[in-house]
Amino acid sequence: MTTQKLQSEDSRLNDRYSVLLPTYNERDNLPIIVWLLVKCFTESGYDYEIVIIDDGSPDGTLEVAKQLEKIYGSDKILLRPRPKKLGLGTAYVHGMQHATGNFIIIMDADLSHHPKFIPEFIRKREMGNYDIVSGTRYTGNGGVHGWDLKRKLISRSANFITQVLLRPGASDLTGSFRLYRKDILQKLVEKCVSKGYVFQMEMIVRARQLGFTIGEVPITFVDRVYGESKLGGNEIVSFLKGLLTLFTTV
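Residues numbered from 1 in each chain as written. Predicted model: local features only at pLDDT ≥ 70, side-chain atom pairs only at ≥ 80, totals over all residues. Heavy atoms only, no water.

> For this particular structure, what's the right way to read the packing of aromatic side chains?
The geometry of an aromatic ring pair comes down to the distance between the two centres and the angle between the two planes. Tallying each qualifying case throughout the model produces five aromatic pairs. Here Y17 and Y46 contribute two aromatic rings whose centre-to-centre distance is 5.8 Å and whose plane-to-plane angle is 75 degrees, an arrangement assigned as edge-to-face. With a gap of 29 residues between them, Y17 in strand β1 (residues 16-23) and Y46 in the loop between α2 (30-44) and β2 (47-54) connect regions that are remote in the sequence. The residues Y17 and Y46 share a single accessibility class, namely buried. Look at Y92 and F199: their rings are 5.8 Å apart centre to centre, the planes differ by 35 degrees, and that puts the pair in the tilted class. Of this pair, Y92 sits in helix α4 (residues 88-98) while F199 sits in helix α8 (residues 198-210), and the two are 107 residues apart along the sequence. The exposure class of Y92 is buried, given its relative accessible area of 2%. On the basis of relative accessibility, which here comes to 2%, the residue F199 falls in the buried class. Among the aromatic residues, those joined into a ring-pair cluster are Y17, Y46 and F103. Positioned over the ring face of Y24 is K85, at 4.6 Å from the centre of the ring. Positioned above the aromatic ring of F221 is the side chain of R137, whose terminal nitrogen or guanidinium carbon lies 5.7 Å from the ring centre. (Phe/Tyr/Trp six-rings, centres within 6.5 Å; stacked < 30°, edge-to-face > 60°. Helix = DSSP H or I, 4+ residues; strand = E, 2+ residues; numbered from the N terminus. Buried < 20%, exposed > 50% of the residue type's maximum accessible area, 1.4 Å probe, protein only. Lys NZ or Arg CZ within 6 Å of the ring centre and 35° of its normal.)

Structure below.
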């Protein structure tokens, strides 16, 4: 066995993956996504922790999270709540401040992103030594389930316009299922100025600008089962404004 291979295996043994789960009104979904995450990491053998950042959910999400902490242990479930909704970008910053892993996984808590893809993300990163691995709905066997035609058209159109204007070097800019090296994510967050859904798009554009490497893994996005979608007219307007800002400044 070569010295390089031994060093690679030693590094893998020391790797820890911190999953950041921003939540707002996810009391029904949270126990399921946490169970799936624990199952995924236990079976794959990777070291992990789940950082739950609840933004003052009125439906009792934090109380459910406290019960999950008792079930799985405070070494695996870290509760870092905030008093109110303060934005997705700041939720990641808040979560990173408490994360102990050298890799960060961001994903939705509403069951849109299945943890079964996480081992594929990790293998992709290890094979290509990527700084970022992003889930994509638009290449290979990736796709979307549960959306009506209108929402699919909106998503496809937004992604197409973004590709034409920004040429990001990645096929899915608006997705939010990704794996980052922690130090890379910290650098990107410092550079990003967008909020809401545009934040995810800017992260990839800034990564390209800074010369970070990006790998992609096809995923299946499934529309939420419980709760209401947080995508509305205001978010679409914000997306278009953010896109124009990135086009003119990046």
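> Would you mind going over unusual backbone geometry with me for this structure?
Glycine aside, a negative phi is what most residues show, and trans is what most peptide bonds show. The phi dihedral of N25 falls on the positive side, at around 60 degrees, and the residue is not glycine. Positive phi outside glycine occurs at L111, with the angle close to 75 degrees. When you line up the elements, L111 lands in the loop between β4 (103-106) and α5 (118-128).

> Sorry, what's going on with α8 here?
An α-helical turn contains 3.6 residues, so a residue and the one three or four places further along point in the same direction. Its 13 residues give α8 an end-to-end C-alpha distance of 18 Å, which sits within 8% of 18 Å, the value for a rise of 1.5 Å per residue. The element α8 is extensively covered by neighbouring structure, given that ten of its 13 residues are classed as buried. Those residues of α8 that sit buried are V198, F199, Q200, M201, E202, M203, I204, V205, R206 and A207. (Expected span 1.5 Å × (residues − 1).)

> Where do I start with the pattern of salt bridges in this structure?
Oppositely charged side chains are able to pair whenever their charged atoms sit close together. Throughout the structure, instances matching the rule amount to nine salt bridges. D55 serves as the salt-bridge partner of R82, at 2.8 Å between the closest nitrogen and oxygen. One end of the pair, R82, is in the loop between β3 (77-79) and α4; the other, D55, is in the loop between β2 and α3 (61-72), and 27 residues separate them in sequence. Across the salt bridge formed by R206 and E202, the nearest N and O atoms sit 2.8 Å from each other. Of this pair, R206 and E202 both sit in helix α8, separated by four residues, roughly a single helical turn. Note on accessibility: R206 and E202 belong to one class, buried. In this structure, a network of salt bridges that share partners links the residues R16, D47, E49 and K76. (Salt bridge = Lys/Arg side-chain N within 4 Å of Asp/Glu carboxyl O.)

> Teacher, can you tell me more about the confidence of the model for the chain here?
Low-pLDDT portions of the prediction should not be read for the details of their coordinates. Chain-level pLDDT for the chain is 85 on average; 80% of the residues reach the 70-or-more range. Note on residues 3-8: pLDDT under 50 across the span, and one contact to partners over four residues away in sequence or across chains. (pLDDT = per-residue confidence, 0-100. Contact = heavy atoms within 4.5 Å.)

> In this structure, what is going on with a nonpolar patch on the surface? I would like to understand it.
A cluster of nonpolar side chains, contributed by F160, I161 and V164, occupies part of the molecular surface with about 280 Å² of accessible area. Within the element layout of this structure, F160 appears in helix α6 (residues 149-166). When its relative accessible area of 58% is taken as the criterion, F160 is described as exposed. (Patch = residues over 30% accessible without salt bridge, like charges linked within 9 Å, V, L, I, M, F, W, Y side chains within 5 Å. Areas by Shrake-Rupley, 256 points an atom, 1.4 Å probe, with all protein chains shown as cover.)

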